[in-house]
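# A look at the structure
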Amino acid sequence: MRGLANLLGLGAVLGMLVSGTASAACWAWPSSPTYDIRWAVGMDSATADDDASLVTDNALLRFFFPTKCAGTYGCDIVEYSIQWYSGSWQTFTPGMNDTDPAGYARRAWSYFYDHNFRATVCN
């Protein structure tokens, strides 16, 4: 468990570095399934493989956290874990190791639709 806490701290630091500010606020978002299909199909409509987009989280986080993510840069998920139906958890870092483990051309956060999850969100 301590290793997970250290990893979450690293995710928050990475999020601040990516956003270009050391004043980013980060928080934990534990959730049951959202049943929001936009996690699986994407929102930005930028390309044909929209559901593999890294900007899907930014648009959806503005919906889930309108006050916290309303700024110019919005919010990003810096790390997340999915609880599989077996009960085990798997941790992902967006853009690094989060292609769908089932082999579909989408991000693993598509499982926010119908699985329990935990995410570290930074603005």
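Everything here concerns the structure above.
Note that this is a predicted model, so its numbers are computed, not measured.

In this section: the packing of aromatic side chains. For the structure shown, the criterion picks out 16 aromatic pairs. Measuring from ring centre to ring centre gives 6.1 Å for Trp 39 and Trp 109, while their planes differ by 65°; the resulting arrangement is edge-to-face. Note that Trp 39 is positioned in helix α2 (residues 38-41) and Trp 109 in the loop between β3 (89-92) and β4 (117-122), a separation of 70 residues in sequence. Looking at Trp 39, the relative accessible area reads 1%, which means it is buried. Of the residues examined, Trp 109 reaches a relative accessible area of 0% and is grouped as buried. Seen in terms of ring centroids, Trp 84 and Tyr 111 are 5.0 Å apart; in terms of plane orientation they differ by 80°. Their pairing is edge-to-face. Of the two residues, Trp 84 sits in the loop between β2 (76-83) and β3 while Tyr 111 sits in the loop between β3 and β4, which places them 27 residues apart along the sequence.

Here we take up the environment of Ala 24. Among the secondary structure elements, Ala 24 is positioned in the loop between α1 (2-19) and β1 (26-31). Separated by 51 residues in sequence, Ala 24 and Cys 75 have C-alpha atoms that sit 9.4 Å apart.

Another point: the nonpolar core. One finds Trp 29, Leu 61, Ile 77, Tyr 80, Phe 112 and Val 121 to be the most contacted residues of the largest nonpolar core, which totals 19 residues. Of all the elements in the fold, those that place two or more residues in this core are β1, α3 (56-64), β2 and β4. Those residues within four positions of Ile 77 in sequence are excluded, and the remaining contacts are Trp 39, Asp 57, Leu 61, Pro 94, Trp 109, Phe 112, Ala 119, Thr 120 and Val 121.

Structurally, Asn 58 can be placed in helix α3. Look past the residues within four positions of Asn 58 in its chain and what remains in contact with it is Tyr 73, Gly 74, Cys 75 and Asp 76.

Thresholds applied
Residues numbered from 1 in each chain as written. Predicted model: local features only at pLDDT ≥ 70, side-chain atom pairs only at ≥ 80, totals over all residues. Heavy atoms only, no water. Phe/Tyr/Trp six-rings, centres within 6.5 Å; stacked < 30°, edge-to-face > 60°. Helix = DSSP H or I, 4+ residues; strand = E, 2+ residues; numbered from the N terminus. Buried < 20%, exposed > 50% of the residue type's maximum accessible area, 1.4 Å probe, protein only. Core = buried A, V, L, I, M, F, W, Y, C linked by side-chain atoms within 4.5 Å. Contact = heavy atoms within 4.5 Å.

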